[in-house]
Amino acid sequence: MKLWKTILTAAALVLANGASALAARDLVIGITLEPPHLDPTAGAAAAIDEVLYANVFEGLTRIGADGEVLPALAESWTISDDGKVYTFKLHSGVKFHDGTDFNADDVKFSLDRARADNSVNAQKGLFAAIDTVEVVDPATVRITLKNPQSSFLYNMGWGDAVIVAPETAEINKEKPVGTGPFKFQNWAKGSSITLIRSDAYWGAPVSLDKAEFRIVTDAAAAVPALLSGDVQAFPFFDPDSVAQIQGDPRFKVVIGATEGETILSMNNKKPPFDRLQVRQAISFALDRKAIIDGASAGLGVPIGSHMSPANKAYVDLTGLYPHNVDKARELLKEAGLENGFKATLKLPPPPYARLGGEIIASQLRDVGIDLQIVPVEWAQWLDQVFTKKDYDLTIVSHTEPNDIDVYSRKDYYFNYDNSTFDKIIADLNLTSDEAKRMTLLGEAQKILADDAVVGFLYELPKVGVWDAKLEGFWENAPIQANDLTKVKWTE
Amino acid sequence: MTAYLLKRLAIALITLVLASMVVFAVLEIIPGDPARLMLGMNASADQVELLRNQMGLNAPVALRYLHWAGGLLSLDFGRSYTYSVPVIDLVRERIVVSLPLALIALALSTIIAIPVGLFSAGRHGRAGDTIAMGAAQLGVAVPNFWFALMLIYLFAVWLRLVPAGGFPGWSAGVWPALKSLVLPAIALALPQAAILARVTRSALIEVLNEDYIRTARAKGLPYRAVLWRHALRNAMIPVLTILGLQFAFLLAGTIIIENVFYLPGLGRLMFQAITQRDLIVVESVVMLLVAAVIAVNLLVDLSYAVVDPRLRSRQ
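Residues numbered from 1 in each chain as written. Chains lettered and ligands numbered in written order. Predicted model: local features only at pLDDT ≥ 70, side-chain atom pairs only at ≥ 80, totals over all residues.

(A) Quick peek at the overall build of chain B. The helix and strand tally for chain B stands at 14 helices and zero strands. Moving toward the C terminus, one meets the helices and strands of chain B in the order α-α-α-α-α-α-α-α-α-α-α-α-α-α. Along the longest, intermediate and shortest principal axes, the C-alpha atoms of chain B span 85 × 60 × 35 Å. When the 315 residues of chain B are sorted by exposure, 37% land in the buried category. Expressed as a percentage of contacts within chain B between residues at least 6 apart in sequence, the contacts between residues at least 24 apart total 70%. (Helix = DSSP H or I, 4+ residues; strand = E, 2+ residues; numbered from the N terminus. Buried ≥ 20, exposed ≤ 12 C-beta atoms within 10 Å, placed from the backbone. Contact = placed C-beta atoms within 7 Å.)

Below, the structure written as structure tokens:
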């Protein structure tokens, strides 16, 4: 056997042709989904930001590793006393990757484009409060809001709000041109996207020379890709495969938090889910620990309302509906459903939904609710569940940050309607006092939990795996992005 | 012969037209809106409508079908909704992976299967036959994704002879590109070879029982010569049929292997286009594949005539 290995290794050396020794400042990062295109201002796919956010494109502000708002292209700003006028002072000497200068005109162009009537920006709501964008001088922009909006600076940090140049806006889908520390080099469709360092970058220079995002769709293929050294980092790794890597000293495994509240959504207008007792019964019937163990390899933090435990405003409401089968049966009896009932559970493709769905179906069977599992694709889910609201129950992770306001949206797929809650969200939008905001956010969480609007399950974990010699990756995912600006090889 | 050829061609054309209708109709019926998929959960209904208009999705079905089918006639395959590039460019990028892979796998499969079939048929019922066919049975039974993973762990992780997956592109050089296709080709070829070997064997055994074989033996021809010159040629028709089917499968049915090796092939392009409801890409690629399958079948039909002179003379 040993002889064999020697012979084969010798053959390997011949085959390798002396090439492939990776330069120490290059990095290959594995991603599971390929972006449909490379323009963050024209699509909702998280994969776009996973490649480009903070690397190629920058906005006025940006979101940091812990979800905080940081200055980006705007070096500073002032806010008028009435909270309606934001004056941004821009960095000077900033250039787009095509060599043209960045200035206030580009800011006005980008924001006006995103909020225009014919805009297909996937997060158009971020710009809804903007009344006017004025160029004061090439380095100053004044934005006037229709009403004060406490989340405005945060909103401007989203990938959908990055600044693009008028000359290149239309070709960004294929050849993105931004102001970031990396510039786009090549996209081999289906295979990989390569970024290289931009030497003309205005800010702190990055350590990596080249970053290649390689598309590895299959979780089973991700492990050998790491072990063989083909890929050196998977910032979003499959929780179920992590056990195979965990003991290996060559790799670092970092379990962090995302902004993904994973919930058992209920159609609040469809009987019997229109009744509080039924929704509460379901909440009592859920055993969150068993769900996390089975659907997420034991990783993930239980939640009792729609808020990430990593968020400052988080209130622990997991004690409101502890796992209690007797209580659940009692509530169903009160609702006149002591013989149980039948319903459907539509499950989109991610493993948290498909695996979690089977566990939840068995837990609800214990209290007499007989669920028929219907697996659906994303396209079907968006069509039937999200748009047409043709569903009883479904499981999905709401990955947008700070998105408790979705429960106040009219015609949202939960079919939830509570004017007290809507009032709180409206107040929240106008409140900038931090302490008051925390109180309001606490109340909002409490209402959702009391109403048992949906079954609150757990916060989706972010499992990151990378070469032990690498540092600077985000541990948590306050937004779905792979910020490479601080990533470097330590030796 | 000409009549035979013309009839085949006419059938091929009708099949193409029918296939285009079926493909278009199926994609109309399945639920899912490409515009909503692109804009995600935070976009308003008005915005989705706006994008649908921009993408031309709100035109009547018949009009869209005619527009697309008309484009196909002038070899214009349309533009991808999600990638917003011409479909033909996407196909060109993928075919340079899928076609060589299919050809290598097919060659490997044939090189393995024909000798094994000959060997087995020649030892019909004896130990060698039993062992060879047992191995073939195993080859059919082993799931190819598992076999592929075993290959990866052995040759990429342990021995580091080849990359664990991915495709560097032909621009990186012929050798690196071929290296990344070796394992997938083996993983694809083995189950195909197993099937082909079994077909070759049973076709040969049937032929070997024919009178003319006995006659050939009786006139003193050595067994080897009989096997190669008379038996194999007569057994070729079922073998060619299977080869034709296998090529069609290898061209686009390799999604599992493409996923395990994360190769940018046609199978994955199709799969991705279906999940993203990139209707134009799905429709056009399916049509290209239908055309390829029909062409291969036509070739197989013609090759019957080459191996079987009776088909040539029969009018």
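(B) The UniProt feature "domain: Solute-binding protein family" (unreviewed entry) in chain A, seen in detail. In this numbering, the UniProt entry assigns the feature "domain: Solute-binding protein family" (unreviewed entry) to residues 68-398 of chain A. Helix makes up 25% of residues 68-398 of chain A and strand 27%, with an end-to-end C-alpha separation of 20 Å. (UniProt positions renumbered as here; feature names shortened; annotations may be inferred.)

(C) How the structure looks around the pairing of strand β1 (residues 26-31) of chain A. All names here are of chain A. The element β1 is largely enclosed, with a buried count of five among its six residues. Here six bridges tie β1 to strand β10 (residues 210-215), and the two strands are oriented parallel to one another. Looking at the pairing, L27 lines up with A211 of β10. (Pairing = 2+ DSSP bridges.)

(D) Structural context of helix α7 (residues 276-285) of chain A. Residue and element names in this part refer to chain A. In terms of residue burial, α7 counts as a mostly covered element, since eight of its 10 residues are buried. When α7 is considered as a whole, its buried residues turn out to be V278, R279, Q280, A281, I282, S283, F284 and A285. Lining the buried residues of α7 we find β12 (251-266), α9 (325-334), α10 (351-365) and β17 (455-467).

(E) How the structure looks around the environment of A:G300. Residues and elements named next belong to chain A. Within the secondary structure, G300 sits in the loop between α8 (288-296) and β13 (301-302). Put simply, G300 and L460 are 160 residues apart on the chain and 5.4 Å apart in space, counted from C-alpha to C-alpha. With residues up to four places along the chain from it excluded, the contact list for G300 reads I292, Y458, E459, L460 and P461.

(F) Region of the structure containing the interface of chain A and chain B. Contacts between chain A and chain B engage 45 residues on the former and 47 residues on the latter. Contributing elements (two or more residues each) for the side of chain A that touches chain B: α1 (2-16), β10, α5 (219-227) and α11 (378-387) of chain A. For the side of chain A that touches chain B, the element with the highest residue contribution is α11(A), accounting for eight residues. Here the side of chain A that touches chain B is built from residues that sort into 20 nonpolar, 14 polar and 11 charged. (Nonpolar A, V, L, I, M, F, W, Y, C, P; charged D, E, K, R; others polar.)

(G) Focus on the nonpolar core. A:L226, A:L264, A:A281, B:L39 and B:V285 are the most contacted members of the largest nonpolar core, which totals 219 residues. Broken down by element, the residue count for this core peaks at 14 residues, all from helix α8 (residues 174-208) of chain B. (Core = buried A, V, L, I, M, F, W, Y, C linked by C-beta atoms within 7 Å.)

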